[in-house]
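Take a look at the letters that make up each chain.
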Amino acid sequence: MASNFGKLILKRILFLCEKRGITINKLAEMSGVRQSTIHNLVCGASTNPKIQTLYKISIAFNMTLAEFFDYPELNSYSLDDEVEDE
């Protein structure tokens, strides 16, 4: 099951794609992130993307990583609420 944090990251990516009128495939091309990596994020197979991946995605959106993470739902989210698999 996807983590809540992972769901918020996905929601942010999809929002930015919609806002800018680009597809997930175009995002992969623009960011230099493999299409399979983006697909795994979208379908929930990957719920904890590497910071390097998020950095490349943020650059594709012409944003800093800080700007990518700066949105209300994530700002009010606490990682302490996540239950880690052990």
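Residues numbered from 1 in each chain as written. Predicted model: local features only at pLDDT ≥ 70, side-chain atom pairs only at ≥ 80, totals over all residues. Heavy atoms only, no water.

Draft legend 1. Layout of the pattern of salt bridges. Evaluation of the coordinates by the stated rule reveals 2 salt bridges. Between Glu73 and Lys11 there is a salt bridge, with its nearest N and O atoms 2.9 Å apart. Highlighted residues: Glu73 in helix H6 (residues 72–75) and Lys11 in helix H1 (residues 4–20), separated in sequence by 62 residues. The exposure class of Glu73 is partly exposed, given its relative accessible area of 36%. When the shortest N-O distance is used, the salt bridge between Glu29 and Lys26 registers 3.3 Å. Taken together, the residues span about one helical turn, with Glu29 and Lys26 both in helix H2 (residues 24–31) at a distance of 3 residues. (Salt bridge = Lys/Arg side-chain N within 4 Å of Asp/Glu carboxyl O. Helix = DSSP H or I, 4+ residues; strand = E, 2+ residues; numbered from the N terminus. Buried < 20%, exposed > 50% of the residue type's maximum accessible area, 1.4 Å probe, protein only.)

Draft legend 2. The side chain of Thr53, seen in detail. Assignment of secondary structure puts Thr53 in helix H4 (residues 51–60). When its relative accessible area of 13% is taken as the criterion, Thr53 is described as buried. With sequence-adjacent residues up to four places away left out, Thr53 is seen in contact with Val33 and Thr37. (Contact = heavy atoms within 4.5 Å.)

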